[in-house]
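Residues per chain are reported as follows:
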Amino acid sequence: MAESSASASYQPRPDAKTAQVLRDMANRLRIHAIRATYAASPGHPTACYSAAEILSVLFFHAMRYKQSDPENPHNDRFILSKRLSFVEMVSGSLGQELGTACGMAYIGRYFDKASYRVYCIMGDSESSEGSVWEALAFASQYHLDNLVTVFDVNCLGRGGTTPPKHCPNVYRMRCEAFGWNTFMVDGHDVEDLCQVFWEATQVKNKPTAIIAKTFKGRGMPHVEDAENWHGKPMVKERADAIIKLIESQIQTNKELTPRCPIEDTPHVSITSVEMTSPPAYRLGDKVATRKAYGLAVAKLGHANDRVIVLDGETKNSTFSKIFKKEHPERFIECFIAEQNMVSVALGCTIHGRTIAFVSSFAAFLTRAFDQIRTGAISRANINLVGSHCGVSVGEDGPSQMALEDLAIFRSIPDCTVFYPSDAVSTEHAVFLAANTKGMCYIRTSRPETAVIYTPQEHFEIGQAKVVRQSINDKVTVIGAGVTLHDALAAADDLAKQDISIRVIDLFTIKPLDTATIISNAKATNGRVITVEDHYREGGIGEAVCAALSMEPDILVQQLAISGVPRSGQSSKLRDVFGISARHIIATVKCLLANDSCQYL
């Protein structure tokens, strides 16, 4: 039988009857946990037991939501490091969920301006992750008073006790130092939990941390607060005995109905974002694709007011500063905290309420690979833009040169990987990404390159462009980004020597236009050269070779970066590391001479 007292009004402390129902529901959660983990074999029943009262109070006293509609946009949000129907998204490896909660709270406060609140539960062990403290700093910076996180301080991790042990005051001081309003509470006392969750709703301009002292395996004889029980289900006989013991402690068969949400979340639409006008570039204009990205995303912002841009203090280099200038209220500065930046973006896109672009140096995005792969698991719609790719970065040196980013993003399931070669194709990539479900990655470059496409050129995902061809072509050269321009320069030089080559711009590395590659390779007697400003492993060459694996008569010669690069001028570095026009010309001649083409 369900009672509606919790939904009628939200009292700081429950009456005795309601408190008993909350305790009983916590014990029912314990029974469900031990049965589920026994049935599944692996699981974490002891960790579930420490958080039982917290969850009982949250879901049946503090939160507003419709049980029958977990995706209702008016509901309070809940984030946990596990995947259930009422949990907003997979938060992946431990330490990611608070950043995601920050993104949801940011949208709630600054975009939706709605009443829903965001609740997040974390274990004390995972608070060792640096991304947690990145998120704490972010929430404080943006005054996310609609965000509440609970530290379940049960003292025990997988390998033993957590660093502060049972010292919740350490967590309190840390959170307060980060600018959070902080409460300490007995995590098994439902009356005190109700009180602090209510007090959190009264706090203005600060996020709230609740430090809950709990015991792992609460209520399990000889298991409570004992080591070496992490992730271990019970044998059937012991599980049955514990269930019987807990059932004997349940005093009622009543349930509580959660409070209904306040229905003030606005309806938004982020579908079919159209390009408002053709790209405003002329053939031959010299524009870096990183700048073309900044101009394109600012233009996109005029087409839809739910477009947001997040950046990690690189806006002057990624050119997201253009978006900030034109749409300052939709620019989110995440500072030098790339892991949290990606988690925040994932939180911003839940419920399909924003179109998010996340920009940084591509090399720095590699720090957030775990958050990126987690986003893919959650089928997140997020667009990442990496600038300063390859040795063409030049004088900034190898620490700034992304040479493994294509391999990373090609490995992400259902991720669309764009590699535009001029300003026009970059603008199309931005608009295509905004309309594409799932994760997208756009690789941009630092050097200025010539515009080679007219404003009327049409682009599609998975469709390459044959930018130079004739009936006399002897070799097909495949490039993207800066190397496409080296390939075109090589074609011009070779034409003077009466050697004609075909040049293909891939545009998207994933999905790859296999049909165009094969047909053009066959038209040039099976001779193919790939050239890329990326390491050989996982890059364009390997993608093309995989696509041609069933074509034994096609020979692929790969030009890619080998070894650790150094600082220098962009053009000189491309030449030193074997991907310049000079190397393309030499490799073409080797292929035509049936040489081994081991030219460096």
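Now for a look at the structure at hand. (Residues numbered from 1 in each chain as written. Predicted model: local features only at pLDDT ≥ 70, side-chain atom pairs only at ≥ 80, totals over all residues. Heavy atoms only, no water.)

**Comments concerning the sheet that holds strand S6 (residues 208-213)**
Moving on, step 1. With respect to topology, five strands assemble into an open sheet ordered S2-S3-S4-S6-S5, the strand pairing being parallel. Looking at strand neighbours, the two that pair on one side only are strand S2 (77-79) and strand S5 (181-186), the edges of this open sheet. Averaged over all adjacent pairs, the angle separating strand axes in this sheet is 20°, with direction ignored.
Moving on, step 2. Lying over the sheet, helix H4 (residues 52-62) contacts S2, strand S3 (118-123), strand S4 (147-153) and S6, oriented at roughly 175° with respect to S3.
Moving on, step 3. Its contacts with the sheet put helix H5 (residues 97-112) on S2, S3 and S4, and the angle it makes with S3 is roughly 170°. (Pairing = 2+ DSSP bridges. Helix = DSSP H or I, 4+ residues; strand = E, 2+ residues; numbered from the N terminus. Axes fitted to C-alpha atoms, helices over the stretch in contact; angles between N-to-C directions. Contact = heavy atoms within 4.5 Å.)

**As for helix H10 (residues 289-303)**
Moving on, step 1. Taking 1.5 Å as the rise per residue, H10 with 15 residues should run 21 Å; its terminal C-alpha atoms sit 21 Å apart, in good agreement.
Moving on, step 2. Within H10, 11 of the 15 residues are buried, leaving the element largely enclosed by the surrounding structure.
Moving on, step 3. The set of residues buried in H10 consists of Thr289, Arg290, Ala292, Tyr293, Gly294, Ala296, Val297, Ala298, Lys299, Leu300 and Gly301. (Expected span 1.5 Å × (residues − 1). Buried < 20%, exposed > 50% of the residue type's maximum accessible area, 1.4 Å probe, protein only.)

**Describing the pairing of strand S20 (residues 527-535)**
Moving on, step 1. The buried fraction of S20 amounts to eight of the nine residues, a majority that puts the element mostly inside the structure.
Moving on, step 2. Here three bridges tie strand S17 (residues 475-479) to S20, and the two strands are oriented parallel to one another. By the bridge assignment for S20, threonine 476 is matched with valine 528.
Moving on, step 3. The pairing of S20 with strand S21 (residues 555-561) spans six bridges and is classified as parallel. What sits directly across from valine 531, in S21, is leucine 559.
Moving on, step 4. One crossover worth recording links S20 to the parallel S21 by way of helix H20 (residues 540-547), and it is right-handed. (Right-handed = clockwise from strand over helix to strand, strands pointing away.)

**A short note on the sheet that holds strand S19 (residues 507-510)**
Moving on, step 1. Spatially, seven strands are ordered S10-S9-S11-S12-S14-S13-S19 in an open sheet, and the strand pairing comes out mixed. Lying at the two open borders of the sheet, with one neighbouring strand each, are strand S10 (331-333) and S19. Sheet twist, expressed as the mean angle between neighbouring strand axes with direction ignored, is 20°.
Moving on, step 2. For strand S13 (residues 416-419) and strand S14 (residues 440-443), the ladder comprises three bridges, and the chain directions are parallel. Following the sheet pairing, valine 417 is matched in S14 by tyrosine 441.
Moving on, step 3. Those strands touched by helix H13 (residues 338-349) are strand S9 (307-311), S10, strand S11 (355-361) and strand S12 (383-387), and its axis lies near 170° from that of S11.

**Regarding the side chain of serine 50**
Moving on, step 1. Along the chain, serine 50 falls in helix H3 (residues 45-50).
Moving on, step 2. One polar contact links serine 50 to aspartate 152, side chain to side chain, over a distance of 2.7 Å.
Moving on, step 3. A polar side-chain atom of serine 50 sits 3.3 Å from a polar atom in the side chain of asparagine 154. (Polar contact = N/O pair within 3.5 Å; in protein donor to acceptor, adjacent residues only side chain to side chain.)

**Observations regarding the packing of H10 against helix H17 (residues 423-434)**
Moving on, step 1. With their axes 8 Å apart at the nearest point, H10 and H17 run at an angle of 45° to one another. What the angle tells us is that H10 and H17 run oblique. The chirality of how H10 crosses H17 is right-handed. Contacts from Thr289, Ala292, Tyr293, Ala296, Val297, Lys299 and Leu300 of H10 reach H17 at Ala423, Thr426, Glu427, Val430, Phe431 and Ala434. (Parallel < 35°, antiparallel > 145°, perpendicular 65-115°, else oblique. Left-handed = near helix turned anticlockwise from the far one by under 90°.)

**Concerning the pattern of salt bridges**
Moving on, step 1. What the rule picks out here adds up to 23 salt bridges.
Moving on, step 2. Residues aspartate 192 and arginine 13 are paired through a salt bridge, measuring 3.2 Å at the closest nitrogen-oxygen approach. Placement of aspartate 192 in helix H8 (residues 190-201) and of arginine 13 in the loop between helix H1 (5-8) and helix H2 (16-40) is noted, with a sequence separation of 179 residues between them.
Moving on, step 3. Ionic pairing is found between arginine 35 and glutamate 247, a salt bridge with its closest N-O pair at 3.8 Å. Separated by 212 residues along the polypeptide, arginine 35 in helix H2 and glutamate 247 in helix H9 (residues 236-247) bring together distant segments of the chain. (Salt bridge = Lys/Arg side-chain N within 4 Å of Asp/Glu carboxyl O.)

**Some details on unusual backbone geometry**
Moving on, step 1. In this structure, the amide linkage connecting lysine 510 to the following residue, proline 511, adopts the cis form with an omega of 0°.
Moving on, step 2. Here proline 511 lies in the loop between S19 and helix H19 (514-523).
Moving on, step 3. Located in the positive-phi region is phenylalanine 335, a residue other than glycine, with phi close to 60°.
Moving on, step 4. Inspection of the secondary structure assignment puts phenylalanine 335 in the loop between S10 and H13.
Moving on, step 5. Note on phenylalanine 335: relative accessible area 34%, which makes it partly exposed.

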